[in-house]
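# Architecture at a glance
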Amino acid sequence: MAAKESIVGSPALRYEGEAKVLGYAKYIDDLHFPQMIHGATVRSKFPRGRITAIRYGEGIPWDEFTIVTWKDIPGENTIVHLLKDHPCLVQEIVNHPEEPIVLLAHPDKALLRKAVDAVTIEYEPLPAVFTIEESEAPDAPVIWNSEAGDSPNVFKTYLMEKGHVEDVWATADYIIEGEYSTGAQEQFYIENNGVIAEYSEQGVTVWGSMQCPYYLHHALQLAFGLPEQKCRVIQVETGGAFGGKEDYPSVIGCHAALLAMKSGRPVKMVYDRMEDMAATTKRHPSRTRHRTAVSKDGKLLGGEIEFAIDGGAYVTLSPVVLSRGTIHAAGPYNWPHLRIRAKAVATNCPPHGAFRGFGAPQSIFGLERHMDLIAKTVGITPEELRRRNFLQPGGTTATGQLIKDPIDLNGMLTRALEESGYHAKRAEFAKTNPTSPIKRGIGFATFMHGAGFTGSGERRLNSLVAIEVDDEGKPEILVSSTEFGQGTNTILCQVAAQTLHISYKDVRIAQPDTDRVPNSGPTVASRTAMIVGKLVEDASHNLLTCMRASGLLEETYTPEQFCHAALAYKQQHGELRATARYQAPDDIFWDDDKYHGDAYPAYAWAVYVAEVAVDTRTYMAEVKNFWALQEVGKVLNPVLAKGQVEGGVAQGIGYAIYEKCVWKDGVMANNQMTNYIMPTSADLPPIHVLFEEVPSIHGPFGAKGIGELPMDGPAPAILNAIEEATGVRFNHCPLLPEDIFDKLANPTLISADSSQLQPAVAGPVFSGTTP
Amino acid sequence: MIDFELTRVGTPDAAVQIAAATPTAQQGATVRFIAGGTNLIDYMKLDVETPQHLVDINRIPDLAKVEKQPDGSLKIGALVRNSDLAQAPEVLAEYPVLSQALLSGASAQLRNKATTSGNLLQRTRCPYFRDLAYAECNKRTPGSGCAAIGGYHRNHAILGVSDQCIATHASDMDVALMVLDAVIHVQGIKGNRTIPIGEFYKLPGTTPHIENALEPGDLITHVTLPALPETKQIYLKLRDRASYEFALASAAIVMQVQGGRLRHVRVAMGGVGTRPWRMPEAEHALEGQAPGEGVFRAAADAALKTARPHTDNAFKIPLAKLCMIRALTTVTNA
């Protein structure tokens, strides 16, 4: 019987892997519909202003074009996320560069590009702000104001308190302050945003590259004023997302649908790389300020944390990004007293959005850099400081959540430091660094990441999953959870196969189509394995219960008997289908007003160690080796899990020392692959992926979330290592060679002495070989 | 991409005849030769290049050979692929700087396609030149202005710039050819002629759209490298990431050390100039000197004296100096 061999935990082949490898998987730009034409967007080239006129220049056969402005929107002119401040198309006031104003469609793509250039937007400029500091300045122009916001230019604030932090300052041995900041980061999925839309009397249909079909489904209902049964969204094969296709498909999807409605023809909109980089969402830039009271033996007595993120011009997802960042700002440590004030501010940059980690990489960067500062100040090692303050089972997190899982952060730290040879390397580098032009260092970060929606989010999502048996007697999973390279299809099929005691290859999963699959929630927030996986397990059990109740299936059976029983059931009843709906665990409580309680049903825990080399002649830092140890509950598929970690670490290395979004008045100035430096595989060190598995009761077979965790730790671990190497504190990422140069430039370091240059294999920057 | 006519030719004469119909050999030429296509097709897709007629020269016989000449020079055909050239035994043995430069560029796939003549004509990667959304680009549209000067220009040139253009020359191969005193052989409507590489590239000045000395109809048939005495050579490339990236600064050096003195010193740099940048000031400062840190530094200072940075690329001056010093140090000790 198939169940004897465990399918869960095995490296099952990717469900859609063969189609992708052999090239028959169809992505959005591979699809062509009869009569289909192409759509393009006329965008603002200024950050803020009042439109006075739209001029359609000469030399373009405008009568051949479909032209859409806000006036053509049948429903509400809004892209709904949390608030309705974000227009689908600008009506009067432009609030950021690259804001969509006019949509054009035409069969000829080349002519379409000329037409976009021929549209001129005349406007009266309005004052604008581009950074957190400019937005919060007392004399800042008010660029965003809504009753739903907390004050002018502020989308959202949170106040999270534990104990009475006022009481600790007087008795603290040390009060340590620090400010840390992070830049924007581009998701850089391989496939740009793209959709095809069709409109008829039956309603509107959008096919596209996306994470969350039901988000777009909802956006279409509002923009078109249509009931839900007249809106249909179908996810096609999606070439990466990383959060960048969480909210943005609602924008491009509504746009293409408007053009389809007006032209009466299917309309394809696929952004090119430059448009995608300039106009779509990125990771929120952030600033974290710490003020920490510490005893002389290195105990955290209390702290105040101010966390601010730049949300861009509209609210979009900023409040939830802020929420996750706020909760993760406290890290895996015991804080007797803590106050966190957090805010998301408005600027006239394109709206920032979801990106793997969702606020946590930002606040964890600040905290883990600050922990190393505290250690230095108190005079103990970074390791010892963490050991003295780790959360323990029975302890409570900053939100007052009782730690029930048997986590052992001290044990994990010991293992990670042993695996990486941390102590020996520290000693070695201390010896070699003074005389070497290449300064080496090793540093680490300890952190956790909550799986699933924050607080009562999962209750509100109320996810539903179904399993249906097809005409061949094979069960098909029906979920809106999407595959975009991370493994959703594979792990959900593994869970169903294991639960149903049948072979992995006999389980199918439906293409996400809102006409067919129930809403199992968005594919975000490290929730798919744990939350949706558990629902697939439950639905599988329900299917078996149903089959057994009918008398067609025995208590034990072979896969063939399952198939026969399923077909017999279908013959008798017409269909065989089971569902499972999310039920909040009884012991999970969350108070949204006080920001207190069980923030997440489960956390993944991690220790990441980075070894770096900084060449003091080129000022380039390079990650030479990396160890990623994490406890993620049961690993459902070791190959996919390892891939998630390797990819996340690579993205984290980019975030730390390569990927800089250069802004000029709200415009991304380096929106090309040549100028936005993403590391290649040649820049990546060996990444040693290590798992510990403590099964969680909340996920299928004990699994927890893993998708976002690996993005959180690399940047602080790497900058901690760079401080170890150079002795210089850097508190901003990305940290580029120019930044290191500014602080390190010192003639005594720039030595051309030949003996020092001999081991000059300075990694990626050194491409020449000695002749 | 616009529609275009494609003609395959079998002889240089046929190629030259067709191309001579175009009024210009530069940007805007209505007829272009195509070899590897790694640069031209890229720009045609972006509508930066819009030739009406492509002449495919890949089938012209004998242009893909690397041959030792009786006078000791090396003849490199226009169609020799970058990867083949990098691995040619004569190049590895006598001109290793060229091999190193080639292998530091692009990716293996691109090097397998890209050719010697195409690399000589490689166009800048200035993002404002590449992106039609920016109307201002004197190189693309003469007289329209320069979006880079007021824009983001971290990787733009610091040497040879003008008020009209600061676009960096992107090639690695051509920097090595500068120190090897390569000679470019051209067949044109008036016959054959040669152009020393030092005279091949034009400074942007007030005509950034004119990039080289070619005339309408000119076909590069081959390149010759003069015979060299035994020398030490190096190509050192500093860049933002380990692969698939253009130089922030690169140094090509050919030299001899005789009796403790530097002789036959040739220095050129890439990533810093509007054309591959030979550095006679540095050569002068090094020639005949005993190698050492002070001498190297003085050479680097002299070479970068005329550098003219803008806001984002000032770091390239110290970086270029470090690059040159490090290359000199490494190669003298080799």
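Residues numbered from 1 in each chain as written. Chains lettered and ligands numbered in written order. Predicted model: local features only at pLDDT ≥ 70, side-chain atom pairs only at ≥ 80, totals over all residues. Heavy atoms only, no water.

## Some remarks on the overall build of chain B
The secondary structure content of chain B amounts to 14 helices and 12 strands. For chain B, the C-alpha radius of gyration of 19 Å lies close to 20 Å, the compact-globule estimate for 334 residues. Expressed as lengths along the three principal axes of its C-alpha atoms, the size of chain B is roughly 60 × 50 × 35 Å. Each of the 334 residues in chain B was classed as buried or not, and the buried ones make up 60%. Residue pairs in contact within chain B that sit at least 24 positions apart in sequence constitute 64% of those at least 6 positions apart. Of the roughly 12300 Å² of accessible surface on chain B, a fraction of 52% belongs to carbon and sulfur atoms. (Helix = DSSP H or I, 4+ residues; strand = E, 2+ residues; numbered from the N terminus. Rg over C-alpha atoms; globule rule 2.2 N^0.38 Å. Buried < 20%, exposed > 50% of the residue type's maximum accessible area, 1.4 Å probe, protein only. Contact = heavy atoms within 4.5 Å. Areas by Shrake-Rupley, 256 points an atom, 1.4 Å probe, with all protein chains shown as cover.)

## What about the packing of helix H8 (residues 360–378) of chain A against helix H18 (residues 714–726) of chain A?
Residues and elements named next belong to chain A. Where H8 meets H18, the closest approach of the two axes is 8 Å, and the angle between their N-to-C directions is 30°. The orientation of H8 with respect to H18, classified from their angle, is roughly parallel. Like other packed secondary-structure pairs, H8 and H18 cross with a definite hand, here right-handed. Seen from H8, the contacting residues are Ile364, Phe365, Glu368, Arg369, Asp372 and Lys376; seen from H18, they are Ala715, Pro716, Leu719, Asn720 and Glu723. In terms of residue class, the contact of H8 with H18 is built from 5 nonpolar, 1 polar and 5 charged. (Axes fitted to C-alpha atoms, helices over the stretch in contact; angles between N-to-C directions. Parallel < 35°, antiparallel > 145°, perpendicular 65-115°, else oblique. Left-handed = near helix turned anticlockwise from the far one by under 90°. Nonpolar A, V, L, I, M, F, W, Y, C, P; charged D, E, K, R; others polar.)

## Considerations on the domain arrangement of chain B
Segmenting chain B into domains produces domain 1 (5–59) and domain 2 (232–333). For domain 1 of chain B versus domain 2 of chain B, the separation of C-alpha centres amounts to 35 Å. (Domains from an automatic or database assignment.)

## A short note on the sheet that holds strand E12 (residues 267–270) of chain A
All names here are of chain A. In spatial order, the strands read E3-E5-E1-E12-E9-E10-E11; together these 7 strands make up an open sheet with mixed pairing. Both outer strands of the open sheet, strand E3 (66–68) and strand E11 (231–235), are each paired with one neighbouring strand and no more. The mean inter-strand angle of the sheet, taken between neighbouring strand axes irrespective of direction, is 25°. As paired elements, E3 and strand E5 (residues 100–106) share 3 bridges and run antiparallel to each other. Note that in E5 the partner of valine 68 across the bridge is leucine 103. In the packing of helix H2 (residues 109–118) onto the sheet, the strands contacted are strand E1 (37–43) and E5, and the crossing angle to E1 comes to about 15°. With respect to the sheet, helix H5 (residues 248–263) is in contact with E1, E3, E5, strand E9 (194–200), strand E10 (203–208) and E12, its orientation differing from that of E9 by roughly 40°. (Pairing = 2+ DSSP bridges.)

## Topic: the nonpolar core
All names here are of chain A. Trp605, Tyr608, Val609, Phe626, Ile657, Ile718 and Ile722 are the most contacted members of the largest nonpolar core, which has 112 residues in total. No other element matches the 10 residues that strand E23 (residues 602–615) contributes to this core. Sequence-distant contacts of valine 609, defined by excluding residues within four places in its chain, comprise Ala416, Leu417, Ser420, Tyr422, Ile442, Gly443, Phe444, Asn625, Phe626 and Trp627. Formed by 44 residues, the second largest nonpolar core is a distinct cluster that contains Ala451, Val469, Val479 and Val532. (Core = buried A, V, L, I, M, F, W, Y, C linked by side-chain atoms within 4.5 Å.)

## Some points on the environment of A:Asp173
Residue and element names in this part refer to chain A. Within the fold, aspartate 173 resides in the loop between strand E7 (154–162) and strand E8 (174–182). Considered as a pair, aspartate 173 and lysine 296 are 123 residues apart in the sequence and their alpha carbons are 5.5 Å apart. Aside from chain neighbours lying at most four places away, what touches aspartate 173 is Val294, Ser295 and Lys296. Separated by 2.5 Å, the side chain of aspartate 173 and the backbone nitrogen of lysine 296 make a polar contact. (Polar contact = N/O pair within 3.5 Å; in protein donor to acceptor, adjacent residues only side chain to side chain.)

## A few points about the layout of surface pockets
Residue and element names in this part refer to chain A. In this model, the second largest pocket occupies a volume close to 1000 Å³. Together, 39 residues line the second largest pocket, and Leu82, Tyr215, Val320, Phe453 and Arg460 are the ones closest to its centre. Of all the secondary structure elements, the ones that give two or more residues to the lining of the second largest pocket are E7, helix H4 (213–224), helix H7 (318–328) and helix H12 (457–461). Ranked by residues supplied to the lining of the second largest pocket, first place goes to H4 with 6 residues. Grouping the constituent residues of the lining of the second largest pocket by class yields 19 nonpolar, 14 polar and 6 charged. (1 Å grid on protein atoms, 1.4 Å probe; cavity = no way out; pocket = protein on both sides within 12 Å on 5 of 7 lines; lining within 4 Å. Points joined across faces, edges and corners; volume = space filled by probe spheres on them.)

## A short note on the environment of A:Val119
Within the secondary structure, A:Val119 is located in strand E6 (residues 119–125). When the C-alpha positions of A:Val119 and A:Glu99 are compared, they lie 14 Å apart, and in sequence the two are 20 residues distant.

## Focus: the sheet that holds E7(A)
Strand-to-strand pairing in sheets goes through backbone hydrogen bonds, with the strands running parallel or antiparallel. Residues and elements named next belong to chain A. Pairing within the open sheet is mixed, and its 6 strands lie in the order E7-E15-E14-E13-E8-E28. Each edge of the sheet is formed by a strand with only one pairing partner; in this case those strands are E7 and strand E28 (732–733). Examined bridge by bridge, E7 and strand E15 (residues 337–345) share 8 bridges and lie antiparallel to one another. Its bridge partner lying in E15, glutamate 161 is registered against arginine 339.

## What to know about the pairing of strand E6 (residues 183–188) of chain B
Residues and elements named next belong to chain B. Here E6 lies mainly inside the structure; 5 of its 6 residues are buried. Here 6 bridges tie E6 to strand E7 (residues 191–196), and the two strands are oriented antiparallel to one another. Looking across to E7, one finds that histidine 185 is bridged to threonine 194. Remark: 2 residues form the turn of the hairpin made by E6 and E7, two consecutive strands paired antiparallel. Pairing between E6 and strand E8 (residues 219–225): 5 bridges, direction antiparallel. Counterpart to valine 186 in the pairing with E8 is isoleucine 220.

## A word on the domain arrangement of chain A
Interfaces are often sized by the accessible area lost when the parts come together. Residues and elements named next belong to chain A. As assigned here, chain A comprises domain 1 (17–26 + 463–581), domain 2 (31–126 + 187–279) and domain 3 (286–454 + 594–752). Computed from C-alpha atoms alone, the centre-to-centre distance between domain 1 and domain 3 is 37 Å. Tallying the contact residues gives 19 residues for domain 1 and 23 residues for domain 3. Overall, the association of domain 1 and domain 3 removes approximately 1500 Å² of surface from exposure, summing both partners, and the carbon and sulfur fraction of that is 68%. Looking only at domain 1, the three residues that lose the most surface to domain 3 are Ala525, Ser526 and Met530, adding up to 40% of its buried area. The tally of links from domain 1 across to domain 3 stands at 0 salt bridges. At the boundary of domain 1 and domain 3, one finds 4 residue pairs in polar contact (both at pLDDT 80 or more). Mapped by element, the contributors of at least two residues to the side of domain 1 that touches domain 3 are helix H13 (488–500) and helix H14 (528–549). Residues belonging to the side of domain 1 that touches domain 3 are distributed by class as follows: 8 nonpolar, 8 polar and 3 charged. (Buried area = accessible area lost by both parts, 1.4 Å probe. Salt bridge = Lys/Arg side-chain N within 4 Å of Asp/Glu carboxyl O.)

## Quick notes on the pattern of salt bridges
For the structure shown, the criterion picks out 76 salt bridges over all chains. We note a salt bridge from B:Asp42 to B:Arg130, for which the minimum N-O separation is 3.4 Å. Within this pair, whereas B:Asp42 is found in helix H2 (residues 40–45), its partner B:Arg130 is found in helix H8 (residues 127–130), the two being separated by 88 residues in sequence. Within this structure, A:Arg14, A:Glu16, A:Lys20, A:Glu237 and A:Glu483 form a network of salt bridges that share partners.

## Some details on empty space enclosed by the protein
By the definition in use, this model includes 10 cavities of 30 Å³ or more. Roughly 190 Å³ of internal volume is contained in the largest cavity. Residue composition of the lining of the largest cavity, grouped by class: 8 nonpolar, 11 polar and 3 charged. The space that makes up the second largest cavity amounts to roughly 160 Å³. A class-by-class count of the residues in the lining of the second largest cavity yields 7 nonpolar, 6 polar and 5 charged.

## Quick word on unusual backbone geometry
Residue and element names in this part refer to chain A. Residue proline 734 follows cysteine 733 across a cis peptide bond; omega there is 5°. Looking at where proline 734 falls in the secondary structure, it is placed in the loop between E28 and helix H19 (737–744). If you check the backbone angles, tyrosine 619 has positive phi at about 65° while not being a glycine. The topology assignment puts tyrosine 619 in the loop between E23 and strand E24 (620–631). Taking the relative accessible area as the measure of exposure, tyrosine 619 reaches 1% and is therefore buried.

## Some points on the packing of H7(A) against H8(A)
Residues and elements named next belong to chain A. Packing of H7 against H8 leaves a shortest axis separation of 7 Å and a crossing angle of 30°. Considering the angle they form, H7 stands roughly parallel to H8. Classified by chirality, the crossing of H8 by H7 is right-handed. Counting all contacts with H7, which are made through Arg324, Gly325 and His328, the residues of H8 involved are Ala360, Ser363 and Ile364.

## Points about the packing of aromatic side chains
A ring pair, where both rings are aromatic, is described by two values, the distance of the centres and the angle of the planes. All names here are of chain A. Taken as a whole and assessed by the stated rule, the structure comprises 21 aromatic pairs over all chains. Ring plane angle 80° and centroid distance 5.7 Å describe the contact between tyrosine 608 and phenylalanine 626, whose orientation is recorded as edge-to-face. Here tyrosine 608, found in strand E23, pairs with phenylalanine 626, found in strand E24; they are 18 residues apart in sequence, far enough to count as distant. Owing to a relative accessible area of 0%, tyrosine 608 belongs among the buried residues under this scheme. (Phe/Tyr/Trp six-rings, centres within 6.5 Å; stacked < 30°, edge-to-face > 60°.)

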